[in-house]
Structures are given as structure tokens and as C-alpha cells.
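# Observations on the model geometry
What follows is each chain in one-letter form.
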Amino acid sequence: MAPGKYLADHYLVLRPQDVSAWEVIRLLWSKKMEKKAYISLPESIEQRFLEKGLAILSLSAQKFLLHVAKPLKWLGQMLEMWLNLVSLNSNIFILLLNTLRCKVKVPNRKSDAFMSFIGHLDSRIKLDENIKPGNARYNSALAAMASKLAYENKGFIKKTVEEHWKMEFIDKDYDFWNDYQRGRNTQGFMFHDQRVNMIVVAFRGTEPFNAYDWSTDMDISCFDNQEMGKIHGGFMKALGLVLEEGWPLELPEEKKDKNFAYYSMRAELRKRLEANKETKFIVTGHSLGGALAILFPAILALHEETTLLERLEGVYTFGQPRVGDHKFKNFMEHQFGKYGIKYLRFVYCNDLVPRLPIDDPVTSMYNHFGLCFYFNSRYIVQILPEEPDKNYISMFGWIGRFFNALLELLRSLYLPLLKGLDYRESLALILMIRFPALLFPGVSDHNPLDYVNATRLGSIKIYEQVESSRNVS
């Protein structure tokens, strides 16, 4: 099919499901990547990617993840079941007592009370009562909580939105199809905040024990479009890139039985915004969810969805990785300026993920755009063009990161005394995040708890400055 506005002019598509370990090894001494079932690319760029070795590394990593997908999922399920077993029985001591009394409460994974691993790191489900509609922090704080809630099962999300937030949960199928992974591996949800007449679209980030999410992150397939530039192919596939079709304006007839994230959520927004001319919406997500959140309006712009873009209030991302090159950056800055869309990209302290893929023309040429809302370990915010230590490569950087991790561990003890019990950290978070952070601070700083805290404790003056402007990007 000839390249067009909705297709890729240049591309690299990797299909780890169709390659054997031996074929990956053969690529190491092959002079060029031949077109095979597991590699699709034009002649003009194949040698460039082989020289970088990115295709080999990506295929190897994804192949490994496919092999460990089942045991990794099992490990996650066992850990989540244990955490829910303890919490459902109040604590470990009551659990032991209930065991002796043969009255153990057993959690049901599909129930609206079953909480994910991420949820157990930060079990807050209520919105901050001090941040009400009209408060400059409101959209950011709501977006952060929605991004965290996206990691839960549908029943848990519905109950939280309706019973605790007193908002309308938009009930639909939120397990979305990935045409390249051949599975429903993308998740998100939507709800309507009637108090401010705003719909929130939230995408789920990378689940720690989901190999397909990790495969999406490590998939360096590229989608190079004449309108938008070069974009991370793994993220595009997760959002709803159609195999061999790119981004058609409407789904082909043979694909309409599939539930693609972009097309499904766009259809719901079209219907609801048509029914109420005053309704606006925001898009949000943490981690991988943040990448999908910023790509969602990009495809709306590609499809010239003017009505939706005019009603898009803002994009709020937390710990979002880089998604596109300099041309994509220019494309998005133009679109956000044209429609007056706010873009708030939150980065907490030493979070590694926003510093990936590396911003280096030799290796990836991916760039962030817009302003960075950078929070240090005391939740003091700065608005910067780029987060400090943008590629996480520094000879002595580990020293500062270690002391920050130590401060975060100590902060978990005194912050509840200063700010209230709502900031008390769970034992699970302290044992599984804060202590390991002394060795791996970049990974631990990616947890959603610190982003929720940042939206609640950051300087109100910064939020007033940002929210008073129609366009921040």
C-alpha cells in the first residue's frame, strides 16, 4: 500500500511472536536485515537500525518477555492475592487469628474490593477534600488519582468513581485490542465529572507483572509519518494502530469487531460531546498510560477532529516516557497552540522513565516537548524546559540519587505527622519500594504515590499560573 497521510512513509516493525531465538542470534552476524515475517522495513533505513543494534536488542527483550509472560503473571497474581488476603483480614496478626479460628476472609480477584499491586502501594481512593472544583490544583489532582485508579479492575474503578468520587462512570468494554500483539492488552477508562462538566479519559500504565506491557515499552518499532514525524511504534500499537492500515479515519469493516482504544474512546467522546455542547474533556495517564495520553490528541489532530480538539481542556501525564522525534515535537506544539490545549507533563525527582528513550541523535532522537513540571523529593516544583539529568547518565549522579532515596525513606516516617494520616505510607511500599530505592532510586521514584502527593502538596501559585493560561505547552 502506498504511503499516505494515515500511513507510515518509513517504518520498522518487529514481530517477536514470529521469530525464533536462533533467528535473533543469526541477526548478530548478518550484514543486513532481510525482510522476514518478523521484520518489516524499507530498504532506506534497514542498515541504520542494524548498525545501532536496537532491533536485535528489542527482539531479544521481547522474545524473553514472551517466554516469561505466564510465570511473571502467576508471580504477580500470587503477590496480589497475598496482599489482598492480609488487607481483607485487617492485618497479618488478625489473619493468623482468623486462620486459627477457621474464619479467614478469602479475596475474590474479580470483586470490586480486590486491589492491584500498585493500589497496595498507595491505597488512597478518596479525592482530597481540600481540593474542590475551582481550585487551581483540581484538574491535576483528579488526573493523578485517575491515572492511579486505572491500574485497578473494572469493578473497583466503577465503585470508586460512583461511590467515593460521586461521578458518572462511563460503562463500556475497557480491555482494548492490540492488532500486533493479537490480544486485548491495553486498558483505560472514562468518567464524567458533572460538577465541572468534564469527561476524563485515563489510560493504564505498565503493570509490573504484565509481560505484554513491558514488551510494548521495549518495542522500538517506529512509525514515521509525513505529517507527524517519527513515533515510538510500541506505544502506537497499544493505542490502536491498525495492522497494514496505519491510522484510517474509520476502522475497516473487517476490524470493527475489535475494540481498539483510540477508536472506541473517540466514538464515546463524539457521542457525548455532541449531546452536550458545553462538555469538555481531559486525557491523562501514568507511565505507559502517559505515552498513550499524549498520542491520543496526536491522532485526533492527524484525523482533523476539530470539534474534539476544541473541547480538549488539557493533557496531564505523570512519569511519561518520550514518544517522538523533533518533527513530532513541532507538530504537537503547533496543534496545542492552535487549539489552546494545556499540556502538563509531571516528573517526580529521579524517576527514570521520563528520561527514556535516551534523547540522543545517535541512538533514538526522541524528544520531550512542552514544559516539565519537575518536583524534587520535598515536592517543591519548578517549571523547566526539560527535567534535570535528562538522560540519567552522570558519573557522580548516583550519590545525589542515593541521598534523595534516603530522604524519601525518612520522609515516609515524618510526612504523616506534618500533613496528616492521608500521607501515611503502607508497609508494602516501605518494604518493597523505599528500601530497594537505596539501590535503584530511578525505578522507585516512578510509583504513582509521589505523583499524587505532588499534585496535592505542590505550590498553589504554580497551578494558578498554569491553569490561568489557555495554552501551556
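The text that follows walks through the structure, step by step, so that each part is easy to find.

Calculation criteria
Residues numbered from 1 in each chain as written. Predicted model: local features only at pLDDT ≥ 70, side-chain atom pairs only at ≥ 80, totals over all residues. Heavy atoms only, no water. Helix = DSSP H or I, 4+ residues; strand = E, 2+ residues; numbered from the N terminus. Buried < 20%, exposed > 50% of the residue type's maximum accessible area, 1.4 Å probe, protein only. Contact = heavy atoms within 4.5 Å. Salt bridge = Lys/Arg side-chain N within 4 Å of Asp/Glu carboxyl O. Pairing = 2+ DSSP bridges.

With respect to the helices and strands, the residue isoleucine 299 is situated in helix α11 (residues 288-302). We classify isoleucine 299 as buried; its relative accessible area is 0%. In contact with isoleucine 299, other than residues within four places in its own chain, are Met228, Met236, Leu239, Trp247 and Tyr262.

So, about unusual backbone geometry. Look at the link from leucine 356 to proline 357: it is a cis peptide, with omega at -20°. On the secondary structure map, proline 357 appears in the loop between β11 (342-348) and β12 (372-375). Even without a glycine there, the phi angle at lysine 166 is positive, about 60°. For lysine 166, the location among the structural elements is in the loop between α7 (154-164) and β3 (168-169).

Attention now moves to the environment of glycine 319. Within the secondary structure, glycine 319 sits in the loop between β10 (312-318) and α13 (326-339). Placed 29 residues apart in sequence, glycine 319 and tyrosine 348 show a C-alpha to C-alpha distance of 7.2 Å. Setting aside residues no more than four positions away along its own chain, glycine 319 makes contact with Ser287, Phe346, Asp351, Val353, Pro354, His446 and Tyr451.

Looking now at the pattern of salt bridges. All chains considered together, the criterion is met by 31 salt bridges. Two residues, glutamate 386 and arginine 345, come together in a salt bridge whose shortest N-O distance is 3.8 Å. Pair noted here: glutamate 386 is in the loop between β13 (381-384) and α14 (397-419) and arginine 345 is in strand β11, with a separation of 41 residues, a long-range link. Of the two residues, glutamate 386 and arginine 345, both sit in the buried class. Each of the salt bridges in this network shares a partner with another, and the network as a whole consists of Glu168, Lys172, Glu268, Lys271 and Arg272.

Residues Cys372 and Tyr374 line one face of β12 and the alternating positions Phe373 and Phe375 line the opposite face, and both faces are buried. Relative to β12, β11 is paired through four bridges, and the arrangement is parallel. Residue valine 347 lies in a different strand from β12, and its bridge partner there is tyrosine 374. Strand direction decides the pairing type here: β12 and β13, joined by four bridges, are antiparallel. For cysteine 372, the partnering residue across the bridge sits in β13 and is leucine 384.

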